[in-house]
Amino acid sequence: MNENPQNSVSPKTIEQVYQPVTRRTFLKGTAAAMAGLAGLVAALKPLLALERGEMTLDDLLQKHYRELKPEELQRILRELEARCAREHGVQPVIRDLKPLPGVEFGYALNLTRCIGCRKCAHACLQENNQSRSSADDIEMSYIRVLELKKGAINLEESDLYYNPQTVPQKDKYYMPVQCHQCRQAPCTKVCPVQATWQEADGIVVVDYNWCIGCRYCMAACPYDARRFNYRKPNLQSARINPNQSYLSNRIRPKGVVEKCTFCLHRTRDGKYPACLEVCPTGARVFGNLLDPDSEISYILKNKRVYILKEDVGTLPRFYYFFDQ
Amino acid sequence: MSEYLTFLWRVVRISFQGSWKFYAWMTLLSVVSLVGLHAYARQVVEGLETTGMTNQVSWGAYIANFTFLVGVAAAAVMLVIPAYIYKKQFMHEVVLFGELMAIAVIIMCLLFVTVDLGHPERFHHMIPPFGIFNFPGSILSWDVIVLNGYLLLNLHIAGYLLYCRYRQTQPTKKFYIPFVFISIAWAVSIHTVTAFLYVGLAGRSYWHHPLVPSRFLASAFVAGPALMILVFQVIRRFVRYWIGDEPIFTLRMIMTVAMIINMFLLGCELFTEFYSPTQHAAAAHYLYFGLHGHNGLVAWIWTAIVLDLVGLALLITPISRKITGLNLACVACVVGIWIEKGMGLIIPGFVPSPLGQIVEYLPTFNETLVCVGIWAFGALLYSWMLHVAIPIMNGSLRARPEIASSTQPSS
C-alpha cells in the first residue's frame, strides 16, 4: 500500500491526528449523541403498536414441531386455544393428529364433470380459517379455479377471475388447482429451516411456529399452491371453524406461509376433505393410494389420467382425469 | 492486548473527528438510515402488507437489491486478482478499498434478506443447535454460509492488514495470504450460489436456465468495478490519499471485457427466447414487450438495455480514456445492471404466475424507504470504514507517532 510518494504525509503525533477532548468538544459530542438517540427512538416508535403477546419468549424458545415432547406439544396446543379464545372470542379444539399407518392420500379431479362453480374454493376458506376481507374474497383459498378455453390445456390462456352469470360457459372448461402434495416436493427441499416437510401419509405440512417467512417455498412451487400471511389474518368470529389442528387450520400468525393439507384434521379422522364434500357434481375423488380397492386406485388404473406440469418432475399425488 | 485496545480506542476517537463536510455527509446518511428504520418498524408491526408483494409476486425490491449487491461484493475480487495473482503493485494501493466495500455490501445484503423475512426474530431457527439448518438441501442455507464466510474472510484480511500497518510491522504472510486466495474462489461462490437460488427452481422457467450464473458473474464484474472507479475518484478528490490512474484504467479494462461478455450472453438469451418462442418465453415476452396488455416492466428493461449499450459504447471507444467519459460509462453500467438484476430478473420470474395469471408488482412507498434506508446505511458504513482506514494507510495514524516522526515513513 501507499507506494506512491504523493501519499506520504508528514507523520503526526496522536494529538495532531485527533484533538484531545475539551469541555467544548465534550459538550458538542454529548449533544450529537442525544440527537442521535432521540432520532433512534423516534424511528422505532411504531414498534409500540405491537400487540401484547405477539412476540413472547415462549414463542421464541419453542422447538420445531418434530422435536417437541408430547407434554410440551400439549401445553402449546392449550396456549393456542386460549389465544384464539382471547383474540377472537371462539373456543376452539386444537388437536395434533398423526398420519395413519398404511395410508398414503391421493386426490383425483374429474375435469369432465367440474363446472367451475368455485364452491370448493369457498368451502376451503370456511374450513381452514384463511384471512379474508369479505365473504367473496377467495384470494387466500388454497384452491384456484381456472377457466380454460376448450381445445387445449393452456394455463397461459387461463382466467382466474372469470365472472359470468352462469357456469359452465359453453366454450370453456374448468380446472381447480391446489397443492399437489408432490412426492418430489420442491417446496420442502428449499426451506432453509425445514419448517415445511412431507408427512408419512404424503401430506406436506407447515409448522407455523417455525416458519421464518422467507417465501422461498412459494417461489419453488410450480402450482401456485402456497399463500403468505402478509397481514394478521382478518377473520370474523362467526366464521371461525373451531375444529382445528396444529399442522393445518389453526389460526395463523402473520408473516408465515400456509397451504392445503388435504384437510388433515378431517382426513386423518376418517372424513373427506371439505372441498370434496361440497362439490355438487361429484368431480372429486379422494382416498388411500395404498389400498388397491379404493376409488382413487380404481381411477388411476382405469381412467385417462392427466398430470399437471408432469415435465417439472414433482410426481404429484393430485391427478386430473376425464370421463369417456 | 493493551496495544490492541489502544488501537480500538483511537479508531473510535478518529471516527468522530473530521471536517464539516464529513459531519454533514455522515449526518445526512444517518438521518436517511433512520427514516428507513422507521419504515421498517412500521412493516414489523403491520406485516409485509406494507410492501407491494403478493401471493403471486412473492419477492420484490428487497430480494432484487440483495441480488444486485451480492454481485458488487463479489466484484472485490477484481481488485484482489490483479494485486495478488498478477502482482501489480499499484493495485495493492487500492485493494483494501475493495475489501472494505465487500464488507459493507455484504452487511447490506444480510439486511435486505432480513427485512424480507416475515419473522426476522426467528432467524436463530437457521443456527444449530437452536434451530435446524436444512443443509445441503436448501440453496438458501448454502447462501447463508457463503455470504457470512465471505464477510468473515474480508473482515479478517482487511482488519489484519490495517492493524499491521498501524503498528508499522510487515504483515506475516501465512496469516493472510492463504485467506486472500480462499477469498478469490469464495467471491465467485457467493454470486454463483445466489444465482443457484433461482436456477434451482424447475417450476420457474424464466430462471431455470444454465446461463443465469454466468450472466450474474459477468454483470457483477461490470457493476462492481464501476462503483469502485467512482469511489476512487471521490477518495482522491476529498481525502489525502492519492490513487493513480493505473488502478482506475485496469478496472476499466476489466469492466469492458465483462460488459462485452454480459451483452453477448444477453444476446444468447434473447435469441433462445424469441427465435422459437415456447410457452416458457411468456415471462421474457412480458418483460420486453408486455403480455396481454400488461407492460409494467417494459419501460424499465429498455432503459436498462439502452444504458447497458451506452455503457458498452463508451467503454470500447477512446471516450472512456478520459475520466469524464469513464464516469459516464460507470454510471450508465451501474444503473443499467441494477435495473436488469432487479426489475429485469427477479420480478419476471413471477410473472406470469405458474398458473398463468399476470399480477404486476410495484414497490410501495414504505418498501422504497426501507430500501433507501439500507443503501444509506451501507454508504454510512463504508464512509466510516474509509474514514478510519485512510489515516492508517497514509501513515498519519500509527502506533508510535513519536518514533515515526523522527524517521522517514518506511513504506
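Computed from a prediction, not measured in an experiment: that's the story for all the values here.

A tally of regular secondary structure across chain A gives 10 helices and 12 strands. For 324 residues, the compact-globule formula gives about 20 Å, and the C-alpha radius of gyration of chain A, at 27 Å, lies well above that figure. Its C-alpha atoms put chain A at 95 × 55 × 45 Å along the principal axes. Residues counted as buried form 40% of the 324 residues belonging to chain A. Partitioning the contacts of chain A with sequence separation of at least 6, the portion at a separation of at least 24 is 64%.

Now for the overall build of chain B. Looking only at helices and strands, chain B features 15 helices and 0 strands. In summary, chain B has a C-alpha radius of gyration of 22 Å against a globular reference of 22 Å for 411 residues, a match within 12%. Summarising its shape, the C-alpha atoms of chain B cover approximately 75 × 55 × 40 Å along the three principal directions. Considering chain B as a whole, with its 411 residues, one finds that 49% of them fall into the buried category. Counting contacts in chain B only where the partners sit at least 6 residues apart, residues at least 24 apart contribute 78% of the total.

Glancing now at the domain arrangement of chain A. Many descriptions give the size of an interface as the accessible area lost when the pieces come together. Residue and element names in this part refer to chain A. Taken domain by domain, chain A comprises domain 1 (51-95) and domain 2 (105-322). With centres defined by C-alpha atoms, the gap from domain 1 to domain 2 works out at 26 Å. At the junction of the two partners, domain 1 supplies 15 residues and domain 2 supplies 14 residues. With 4 residues, the top contributor of residues to the side of domain 1 that touches domain 2 is helix H4 (residues 70-88). Broken down by class, the residue content of the side of domain 1 that touches domain 2 amounts to 8 nonpolar, 5 polar and 2 charged.

Looking now at the interface of chain A and chain B. Counting residues at the interface gives 67 residues for chain A and 70 residues for chain B. Those elements that provide at least two residues to the side of chain A that touches chain B are helix H1 (14-17), helix H2 (23-44), strand S3 (144-149), helix H6 (186-190), helix H7 (216-220) and strand S7 (226-228) of chain A. No other element matches H2 of chain A, which puts 6 residues into the side of chain A that touches chain B. Residues belonging to the side of chain A that touches chain B are distributed by class as follows: 39 nonpolar, 15 polar and 13 charged.

Residue and element names in this part refer to chain B. Buried residues of helix H4 (residues 77-85): Val77, Met78, Leu79, Val80, Pro82 and Ala83, and no others. Lining the buried residues of H4 we find helix H3 (61-74), helix H5 (89-92), helix H6 (95-116), helix H8 (173-199), helix H9 (211-238) and helix H10 (245-275). Lys87 sits one or two residues past H4 and shows a positive phi near 50°.

Helix length check: helix H2 (residues 20-46) of chain B (27 residues) gives 39 Å between terminal C-alpha atoms against 39 Å at 1.5 Å per residue, within 8%. Of the positions making up H2 of chain B, those classed as buried are Leu29, Ser33, Leu34, Gly36, Leu37, His38, Ala39, Tyr40, Ala41, Gln43 and Val44 of chain B. Taken together, the buried residues of H2 of chain B touch H2 of chain A together with H6 and helix H14 (365-393) of chain B.

Another aspect to go through is the nonpolar core. The nonpolar side chains of a soluble globular protein tend to be buried with one another. All names here are of chain B. The biggest cluster of nonpolar side chains holds 203 residues, and the ones touching the most others in it are Leu69, Ala73, Leu100, Val105, Cys109, Ala223 and Cys333. The greatest single-element share of this core, amounting to 15 residues, is contributed by H6. Apart from the residues lying within four places of it in its own chain, the contact partners of Ala73 are Ala102, Val105, Ile106, Cys109, Tyr150 and Ile190.

Looking now at the sheet that holds strand S11 (residues 304-306) of chain A. Residue and element names in this part refer to chain A. Taken in spatial order, the 4 strands line up as S10-S2-S12-S11 in an open sheet, and their pairing is mixed. Each having just a single partner strand, strand S10 (284-288) and S11 make up the two edges of the open sheet. Neighbouring strand axes in the sheet, compared pairwise and without regard to direction, differ in orientation by 30° on average. Strand direction decides the pairing type here: strand S2 (residues 105-110) and strand S12 (residues 318-322), joined by 4 bridges, are parallel. Across the sheet, residue Asn110 finds its bridge partner in S12, namely Phe321. Contacts from helix H10 (residues 295-302) reach S2, S10, S11 and S12 within the one sheet, and its direction differs from that of S10 by about 110°.

Attention now goes to the pairing of S10 of chain A. All names here are of chain A. Here S10 lies mainly inside the structure; 4 of its 5 residues are buried. Alignment of S2 against S10, held across 5 bridges, turns out to be antiparallel. Among the inter-strand pairings, Ala108 is bridged to a residue of S10, identified as Val285.

Between Val167 of chain A and the following residue, Pro168 of chain A, the backbone shows a cis peptide bond with an omega angle of -5°. Tracing the sequence through the fold places Pro168 of chain A in the loop between S3 and strand S4 (172-177). Along the chain, Phe135 of chain B connects to Pro136 of chain B via a cis peptide bond; the corresponding omega equals 5°. As for its placement among the helices and strands, Pro136 of chain B is situated in the loop between H6 and helix H7 (139-167).

Residues and elements named next belong to chain B. One way to put it is that H3 packs onto H6 with a least axis distance of 9 Å and a crossing angle of 160°. Judged by the inter-axis angle, H3 sits roughly antiparallel to H6. For the pair H3 and H6, the sense of crossing is left-handed. Along the contact surface, H3 presents Tyr62, Ile63, Asn65, Phe66, Leu69, Val70, Val72 and Ala73, while H6 presents Ala102, Val105, Ile106, Met108, Cys109, Phe112, Val113, Val115 and Asp116. Each residue belonging to the contact of H3 with H6 can be placed in one class, and the counts come to 15 nonpolar, 1 polar and 1 charged.

Definitions and limits used
Residues numbered from 1 in each chain as written. Chains lettered and ligands numbered in written order. Predicted model: local features only at pLDDT ≥ 70, side-chain atom pairs only at ≥ 80, totals over all residues. Helix = DSSP H or I, 4+ residues; strand = E, 2+ residues; numbered from the N terminus. Rg over C-alpha atoms; globule rule 2.2 N^0.38 Å. Buried ≥ 20, exposed ≤ 12 C-beta atoms within 10 Å, placed from the backbone. Contact = placed C-beta atoms within 7 Å. Domains from an automatic or database assignment. Nonpolar A, V, L, I, M, F, W, Y, C, P; charged D, E, K, R; others polar. Expected span 1.5 Å × (residues − 1). Core = buried A, V, L, I, M, F, W, Y, C linked by C-beta atoms within 7 Å. Pairing = 2+ DSSP bridges. Axes fitted to C-alpha atoms, helices over the stretch in contact; angles between N-to-C directions. Parallel < 35°, antiparallel > 145°, perpendicular 65-115°, else oblique. Left-handed = near helix turned anticlockwise from the far one by under 90°.

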